[in-house]
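# Structural overview
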Amino acid sequence: MAEVQDVSHDSGHLEWETPLYNQAITQFEQALPHAAVGDAVAERLRYPERSLVVSVPVRLDEGHWKVFPGYRVQHSSVLGPTKGGIRYDPEVDLGECAALAMWMTWKCALLRLPYGGAKGGVRCNPKELSSNELQAITRRFTSELLPVLGPQQDIPAPDMATNEQTMAWMMDTYSMQVGHAVPEIVTGKPISLGGSLFRHEATGAGVVMVIERCCGKLGIPLAGQRCAVQGFGNAELHDKGALVVAVSDVSGGVHDERGLPIHELRRFAEEHGSLANYHGAERVTNEELLELPCDILVLAAREDQVTGENAGRIHARLVAEGANGPTSVEADAILAERGILVLPDVLTNAGGVTVSYFEWVQDLGRLFWDRNEIRAKLADKLSDAFERVWRLSEEQGLSLRSAALVGGIREVGAALTSRGIYP
């Protein structure tokens, strides 16, 4: 007879308590003394409102069935429906989703969007799955989430290894269940289904807008600054006159101190699927790219890239977080001690969720704006948030990260104080 294994948890341990979630909580605790919210509000915001784990059974192309774990965490619905991406990745877990959902709450509140934060995903390796298998995963995952999804409940968006096609499948699955088209159930959709112009490039464009504002505050022109970009996205930095000396994607990176032909690289990556076989510049690893001499280092790949181990070898004047959680708490302290300014994720990469908000509003009203209108609205939102963060940082002597978190926590805290905690 098999022995029963002891799988009991330590007293007080919660299932989402992983290193990344602890990083989000540590940042929250560091900002809390400056946020002036009550103890009850602070205690409530330490925990996600809802954490859902589902099983996603899918029949694979070769005929056998496989069950994938899926997750959705909703951190706060105080300001409105929750909002956040869906990722397909082998490392997705409950703690990652809880951390990213918390950061999304602060991000939405800082930008004064009527949303709370959410995040979800399926633990799978999308590179090993066919389009049919990915569609099956998406539709079954959406079906499992039906009790917690809705245009006024929780609105998914694309994230790692998901895209507008994934959102189209999610929107169709939800719509078939309710009996009519509901484009506002997801954002990041194809234009033909109610997607928004400028959504695809919004995150990258927003990062550049924030960098440009910061350069203005520092009295340095963005044009001519040497930039290394981990996570190869759009060409906006290059088009603004910056000298992009290194870029990377999942296959690794390329480096040329004289500047890279960014538009040529984009065409190559689109044609070949990655930068793997590009040999027109020096090949570097993602890790090596982080330590290259540059003026601006853009972290636009994924979380936990600059850590206590490599922060002492960063050679940049400014670090811009285009991804969520790319800098650990230990690295933050080291960079601050070295005088390296960090533009935090909850401000810097907020362009994506802001234009997602515009898409949701357009879908609800069935009235759509052109690209220039959306870009102008995004610039206004980011400019307003940046000015508030910069001013708070100077007034209270806070890092830009703490100032951004304080701004977001205050917005949520004020709403929760007014509403009260039911019952």
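Residues numbered from 1 in each chain as written. Predicted model: local features only at pLDDT ≥ 70, side-chain atom pairs only at ≥ 80, totals over all residues. Heavy atoms only, no water.

### So, the packing of aromatic side chains
Tallied over the entire structure, the rule returns nine aromatic pairs. Ring centres of Trp16 and Tyr21 lie 6.3 Å apart, and the angle between their planes is 70°; this geometry places the pair in the edge-to-face category. For the pair formed by Trp16 and Tyr21, the shared burial category is buried. For the ring pair Phe268 and Tyr278, a centre distance of 5.3 Å and an interplane angle of 75° mean the geometry is edge-to-face. Of the two residues, Phe268 sits in helix H8 (residues 262–272) while Tyr278 sits in the loop between H8 and strand S9 (282–284), which places them 10 residues apart along the sequence. Note on accessibility: Phe268 and Tyr278 belong to one class, buried. Pairwise contacts between aromatic rings join Tyr115, Tyr357, Phe358, Trp360 and Trp369 into one cluster. Taking NZ or CZ as reference, Lys377 lies 4.6 Å from the ring centre of Trp369, over its face. (Phe/Tyr/Trp six-rings, centres within 6.5 Å; stacked < 30°, edge-to-face > 60°. Buried < 20%, exposed > 50% of the residue type's maximum accessible area, 1.4 Å probe, protein only. Helix = DSSP H or I, 4+ residues; strand = E, 2+ residues; numbered from the N terminus. Lys NZ or Arg CZ within 6 Å of the ring centre and 35° of its normal.)

### Overview of helix H10 (residues 329–337)
For H10, every residue scored as buried is listed here: Val329, Ala331, Asp332 and Leu335. For H10, the buried positions fall inside an angular range of 155° around the axis, keeping them on one side. Projecting away from the buried face of H10 at angles above 90 degrees are the exposed residues Glu330 and Glu337. Buried positions along H10 lie against helix H1 (19–35), strand S11 (318–321), strand S12 (341–343) and helix H14 (400–419). Backbone geometry just downstream of H10 places Gly339 in the positive-phi region, at approximately 75°. (Arc of directions from axis to C-beta. Contact = heavy atoms within 4.5 Å.)

### Structural notes on the nonpolar core
Among the nonpolar cores identified, the biggest contains 93 residues, and Trp106, Ile211, Leu237, Val247, Leu265 and Leu343 are the most heavily contacted of them. Looking at which element gives the most residues to this core, the answer is helix H3 (residues 94–110), with 13 residues. The contacts of Ile211, once residues within four sequence positions are left out, are Leu222, Leu237, Ile296, Val298, Leu318, Ala320 and Leu343. Tyr88, Leu129, Leu134 and Leu145 belong to the second-largest nonpolar core, a separate cluster that totals 24 residues. (Core = buried A, V, L, I, M, F, W, Y, C linked by side-chain atoms within 4.5 Å.)

### Some thoughts on the environment of Phe358
Looking at where Phe358 falls in the secondary structure, it is placed in helix H12 (residues 351–365). We classify Phe358 as buried; its relative accessible area is 5%. The spacing of Phe358 and Arg112 is 246 residues in sequence and 13 Å in space, taken between C-alpha atoms. Among all residues touching Phe358, those that are not within four sequence positions of it are Trp369, Ile374, Lys377, Leu378 and Lys381.

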